[in-house]
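Breakdown of the fold
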Amino acid sequence: MDSQSRGVQHHHHDGGSAQAPSANSAVAADKPFTDPVCGMNVSAAPDRSVAHAGQDYYFCSAGCMAKFRSNPQFYLNRAETPAPAVSAEGAIYTCPMHPEIQKTAPGSCPLCGMALEPLMPALDDEENPELVDFRHRFWWTLPLSVAVFGLAMFGHLLFPEGIRHQNIVELVLSTPVVCWAGWPFFVRCVQSVRNGSPNMWTLIGAGVVAAYGYSLVATFAPGWFPLTFATHGGRVGVYYEAAAVIVSLTLLGQILELRARSQTSAAIKSLLGLAPRTARRIRADGAEEDVPLTHVHVGDALRVRPGEKVPVDGKVAEGESAVDESMLTGEPMPVTKRPGDKVIGATLNTSGSLVIHAEKIGSATMLSHIVQLVAQAQRSRAPMQRIADVVAGYFVVIVIAIALLTLLGWGFFGPAPSWVFGFVNAVAVLIIACPCALGLATPMSIMAATGRAATQGMLFRDAAAIEALHKVDTLIVDKTGTLTEGKPAFEHLVAAPGFGEDEVLRLAASIDQGSEHPLAHAIVAEARRRGMALEKPESFESSSGIGVRGVVSGRRLALGNTALMDAEQVDWHGLTSQAEALRSEGASVMYLACDARLAGLLAVSDPIKASTAEALEGLRAAGLTVIMATGDGLTTAQSVARKLGITEVHGEVTPQDKLLLVERLQKEGKVVAMAGDGINDAPALARADVGIAMGSGTDVAINSAHLTLVKGDLRAIARARVLSFDTVRNMRQNLGFAFIYNALGIPLAAGLLYPLTGYLLSPMIAAVAMSLSSVSVITNALRLRRASP
């Protein structure tokens, strides 16, 4: 038996007699009061009241009353203080290209100068302040840029003899654009130099300052330059229009980029929007009232009416209904829920009325867990990005060197006016060589892919898991809870000589009360169904993967597989024939030893999931080798494997055995994924190239895994693998585009094609190309949001 043990969260309502109401506080029984702990409207119930400082306070439950008694002043002060407005205060901001950068306020990244964005988006997030600022600067100065550009093109018609006057007019028009609209560029350019991390703003700042500064000197001191440098066609050459238009186009590119980047957080915002605002709580007296979701406690009884969302994670206590879980699991068909079934918060109740008991609230719910995992994955770095990081580290310095070579090459060896050509081309090189597209190539793909995966019930832990999954060629699967439903039912019991059947079942169920393994639940449920009085174990030990040990009523018990019996030196062979007959039918068999004597065996059957056969067929068709490794008996495992077409089976394996199996396959050159749901799977999940946990499994398994399937459906592995292929291809497209763009753009801007074509690249066209490169990378990444794996 794959024995598991997890901590069980309990919610206690502390009892105790309430203090008597004070004599000076006569209240009407029907007057509504406010519970100072949770804020609910409550009636004046004498058994739920506390007198403090001459005033009576009433509570919705004994739990709230106990909290108030422990620290009355805290709750009274909190009640008197108005609730703060929801704001971004306390939010953490990070850079999409450098997630290690985290600040407590909006701003720019000290490494790349990119605008920071919230680490965890919120539904009420306001528009990016940098987007608002850039848009304001762009629209206010755009008319000036258009005007100075028009003068540069057609000014000779307005100033046929007064070129100096034209230059002054262009100076007046372009100065607000460069000095005000372009001010953020210069700030970041200076920061990049000061921090020793040259980036795109270093290039843009240098290009704009070069064009504007040269034009300024040429306007007021044209004699400072040689004729071949300062004039062309008898006219003094200035480039105010280039400086102004570069600023405007860069602002436009940043506006488009920031708007596109904001869409990558849409997945998290859509998940946050799923949670209902209120819950309908059933009070102890049977009355019902709507309360804020933040006032729900573990153990509360909640009613979920048709058409309402399930408020928190819990278990159905009454009623039957079909619940639509597609928004979290990707499962298209509603799932019928009956008493005892688990429900997930934020899913939609479609038909009948349900009463549920809250089990997980706040940050412990599945929805909160999903949001946290998606945010964590979106900020992780893909291994593929390392190439871009290495290139970007030297990129800006190389570009500045190329710009200087362009200036000197054209100046000394180009046709007249050679220095004019050299200057224009050098500015074009600085502007077009934006490393932003290179830095955004993989982060944007990862953000889009993880958001899309979350809506399909697939939660990647980091970018490396997405990149690794498409390489997997071998899949190891656990049996219980992975291939099977994980909801076993008691099937049969055989008592050994000297023991009665009821005694065997009672002892086994008593020791299994401490285990959370599904097989243990089946045994305990059967004992309770028969009305047996179970005893509390005096000691309990879980031997993960083989069974449990403990002491009940002074008797030393061991319940598990043959490996546990051998470890306890118990002869189990007397019931071999009965055990093999049950295993051949697919049942899981556990032996019970009492004081080192074989007491009997218990058989529990766990049906195969309806989706398992289809999932394995699809995985094999995709070229994966599927291997079963289970702590269950080998005969049982082989019976299940035959039904599913699995040829390699490992039975009665320990957690260490599973870990060694993963390592052996990896040494053989295999890329291994491990799928499981139990504590005994955790070491193998962590060691595998990709660990895949069932969302219905233990927290230890989920925390050890690289990918969590919310629904626990193996078909999602095939979907996740397709998404992995799509994401890796998308990242390669982005990186390829960024490299090709710079490989072609820089030589073109340097004028290397001039001898063949007679054309040069204007700095203004270079600014357009620079802006569009980042936008195109982001747009390509956003295609993953519409992927249908």
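Worth saying up front: this structure is predicted, and the values here are computed from it rather than measured. (Residues numbered from 1 in each chain as written. Predicted model: local features only at pLDDT ≥ 70, side-chain atom pairs only at ≥ 80, totals over all residues. Heavy atoms only, no water.)

**Some details on the overall build of the chain**
This is how the line gets drawn: By definition, any uninterrupted DSSP run of H or I lasting at least four residues is a helix, any uninterrupted run of E lasting at least two residues is a strand, and each is numbered from the N terminus. Only protein chains enter the calculation, and the probe is 1.4 Å; a residue is then buried if its accessible area is under 20% of its type maximum, exposed if over 50%, and partly exposed in between. Contacts are assigned to residue pairs with any non-hydrogen atoms lying within 4.5 Å of each other. In this description, accessible areas are obtained by the Shrake-Rupley approach with a 1.4 Å probe, and a residue is regarded as covered only by the protein chains that are shown.
When you go through the chain residue by residue, the secondary structure sums to 27 helices and 31 strands. Counting only residues that meet the buried cut, the chain has 53% of its 789 residues in that class. In the chain, the share of contacts with a sequence separation of at least 24, taken over all contacts with a separation of at least 6, comes to 67%. Accessible surface, the chain as shown: approximately 33400 Å² in total, 59% of it carbon and sulfur.

**Focus: the packing of helix H16 (residues 501-512) against helix H17 (residues 518-529)**
What counts here: All axes here are fitted lines through C-alpha atoms, helices being fitted over the stretch that makes contact, and every angle between N-to-C directions spans 0 to 180 degrees. Roughly parallel refers to an angle under 35 degrees, roughly antiparallel to one over 145, roughly perpendicular to one between 65 and 115, and oblique to any angle outside these ranges. Should the near helix be turned counterclockwise from the far one by less than a right angle, the crossing is left-handed, whereas a clockwise turn marks it as right-handed. Nonpolar residues are Ala, Val, Leu, Ile, Met, Phe, Trp, Tyr, Cys and Pro. Charged residues are Asp, Glu, Lys and Arg, and all others, Gly as well, are polar.
Across the interface, H16 lies against H17 with an axial gap of 9 Å and an inter-helix angle of 125°. Accordingly, the angle class assigned to the pair H16 and H17 is oblique. Here the hand of the crossing between H16 and H17 comes out left-handed. Packed against H16, whose contacting residues are Leu 505, Ala 508, Ala 509 and Asp 512, the element H17 presents Ala 520, Ile 523, Val 524, Glu 526 and Ala 527 at the interface. Grouping the constituent residues of the contact of H16 with H17 by class yields seven nonpolar, no polar and two charged.

**Quick look at the pattern of salt bridges**
Basically, it comes down to this: The salt bridge definition used is simple: a Lys or Arg side-chain nitrogen within 4 Å of an Asp or Glu carboxyl oxygen.
Evaluated as defined, the whole model comprises 27 salt bridges. Among the salt bridges present, the one from Lys 658 reaches Asp 478, with a minimum N-O distance of 3.2 Å. Here the residue Lys 658 occupies a position in helix H22 (residues 655-667), and Asp 478 occupies one in the loop between strand S20 (474-477) and strand S21 (489-495), the gap between them amounting to 180 residues. Two residues, Asp 502 and Arg 530, come together in a salt bridge whose shortest N-O distance is 3.8 Å. Here the residue Asp 502 occupies a position in helix H16, and Arg 530 occupies one in the loop between H17 and strand S22 (539-543), the gap between them amounting to 28 residues. Among the residues examined, Arg 530 registers a relative accessible area of 38% and is labelled partly exposed.

**Quick look at the environment of Thr 34**
Looking at the element boundaries, Thr 34 is found in strand S1 (residues 33-34). Judged by its relative accessible area of 48%, Thr 34 is partly exposed. Residues Thr 34 and Tyr 58 lie 24 residues apart in sequence; the distance between their C-alpha atoms is 7.1 Å.

**A word on the packing of aromatic side chains**
For the record, the criterion: The rule is short: rings of Phe, Tyr and Trp, with Trp giving its six-membered ring, pair when the centres are within 6.5 Å, and they are stacked under 30 degrees, edge-to-face over 60, tilted in between. Charge-over-ring contacts are defined here by two conditions on Lys NZ or Arg CZ: a distance within 6 Å of the ring centre and an angle within 35 degrees of the ring normal.
Per the counting criterion, the structure on display carries six aromatic pairs. Judged by centre distance (6.2 Å) and plane angle (90°), the ring pair of Phe 134 and Phe 185 falls under edge-to-face. Taken together, the residues Phe 134 in helix H3 (residues 129-158) and Phe 185 in helix H5 (residues 183-194) connect sequence positions 51 residues apart. Each member of the pair, Phe 134 as well as Phe 185, carries the same accessibility label: buried. Taking NZ or CZ as reference, Arg 137 lies 5.2 Å from the ring centre of Trp 180, over its face.

**Brief notes about the pairing of strand S23 (residues 547-552)**
The line we're drawing: Two strands pair if DSSP finds at least two bridges between them.
The buried fraction of S23 is high, at five of six residues. In terms of strand pairing, S23 meets strand S24 (residues 555-560) through six bridges, oriented antiparallel. Bridge pairing links Arg 549 to Ala 558 in S24. Remark: two residues form the turn of the hairpin made by S23 and S24, two consecutive strands paired antiparallel; Ser 553 in that turn has positive phi of roughly 55°.

**Concerning the nonpolar core**
Selection criterion: Nonpolar cores are built from buried Ala, Val, Leu, Ile, Met, Phe, Trp, Tyr and Cys residues. Side-chain atoms within 4.5 Å join them into one set.
By size, the foremost hydrophobic cluster in this structure holds 55 residues, and its most contacted members are Val 208 and Tyr 239. Top contributing element to this core by residue count: helix H13 (residues 418-432), with ten residues. If you look at the next biggest cluster of nonpolar residues, it comprises 47 residues, including Phe 460, Leu 469, Ile 692 and Ile 717.

**Things to note about the pairing of strand S25 (residues 588-594)**
The element S25 is largely enclosed, with a buried count of seven among its seven residues. Of the two faces of S25, the one holding Ser 588, Met 590, Leu 592 and Cys 594 and the one holding Val 589, Tyr 591 and Ala 593 are both buried throughout. Direction of pairing for S24 relative to S25: antiparallel, over a ladder of four bridges. From the neighbouring strand, Leu 557 faces S25, where its bridge partner is Cys 594. In textbook terms, the turn of a hairpin is the stretch between consecutive antiparallel strands, and for S25 and strand S26 (residues 597-605) this stretch comprises two residues, one of which, Asp 595, has a positive phi near 50°.

**Quick notes on the sheet that holds strand S5 (residues 93-94)**
The strand order S6-S5-S7 describes an open sheet built from three strands, whose pairing is antiparallel. Taken across any chain shown, the strands that pair with only one partner, and hence form the sheet edges, are strand S6 (102-103) and strand S7 (117-118). Bridge count between S5 and S6: two bridges; the pairing is antiparallel. Bridge pairing in S6 places Tyr 93 opposite Lys 103.

**With respect to the confidence of the model for the chain**
This is how it is decided: pLDDT measures the predictor's confidence residue by residue and takes values from 0 up to 100.
This prediction gives the chain a mean pLDDT of 78; 80% of its residues lie at or above 70. In the predicted structure, residues 78-89 sits below a pLDDT of 50 and forms four contacts with residues beyond four places in sequence or in another chain. Low pLDDT (under 50) marks residues 227-236, which in the prediction has 25 contacts with non-local residues, meaning those over four places away or in another chain.

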